[in-house]
Amino acid sequence: MHATYAPEQACQDARKRLELQGISVKDFSIQNDLHPSTVYAVLNGQKKCLRGEAHRAAVLLGIKDGVIAN
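Residues numbered from 1 in each chain as written. Predicted model: local features only at pLDDT ≥ 70, side-chain atom pairs only at ≥ 80, totals over all residues. Heavy atoms only, no water.

> Where do I start with the environment of His55 in this structure?
For His55, the position within the fold is in helix H4 (residues 52-61). The spacing of His55 and Val42 is 13 residues in sequence and 8.7 Å in space, taken between C-alpha atoms. The residues touching His55, leaving out its near neighbours within four places in the chain, are Cys49, Leu50, Lys64, Gly66 and Val67. A polar contact is formed between the side chain of His55 and the side chain of Lys64, at a distance of 2.9 Å. (Helix = DSSP H or I, 4+ residues; strand = E, 2+ residues; numbered from the N terminus. Contact = heavy atoms within 4.5 Å. Polar contact = N/O pair within 3.5 Å; in protein donor to acceptor, adjacent residues only side chain to side chain.)

> How do you make sense of the side chain of Thr38 when you look at a structure like this?
Residue placement: Thr38 occurs in helix H3 (residues 36-43). Those residues in contact with Thr38 that lie beyond four places of it in its chain are Glu53 and Ala54.

> What should I look at first to understand the packing of H3 against H4 in this one?
Packed helix pairs are specified by the crossing angle of their axes together with the interaxial distance, meaning the distance between the axes. In contact at an axis separation of 9 Å, H3 and H4 are set at 65° when each is read in the N-to-C sense. For the element pair H3 and H4, the recorded crossing hand is right-handed. Residue-level inspection shows Thr38, Val39, Val42 and Leu43 of H3 in contact with H4, the latter providing Glu53, Ala54, Ala57, Ala58 and Leu61. Partitioned by chemical class, the residues of the contact of H3 with H4 number seven nonpolar, one polar and one charged. (Axes fitted to C-alpha atoms, helices over the stretch in contact; angles between N-to-C directions. Left-handed = near helix turned anticlockwise from the far one by under 90°. Nonpolar A, V, L, I, M, F, W, Y, C, P; charged D, E, K, R; others polar.)

Listed below in structure tokens is the structure:
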């Protein structure tokens, strides 16, 4: 069975990218019309990121490959 949660290293890399850009998680959330608690949960590896807002957040953060449907 394959892992369904985002790898810890991918989450750390996403946090580092935000830090290097000088963007807080809350600011990233607002800019991308996401709920901050969802983004924090994705970055902490608490969401599977399979669908919905968690999937969208993971793709925008670069944690996983995927398509965002409008």
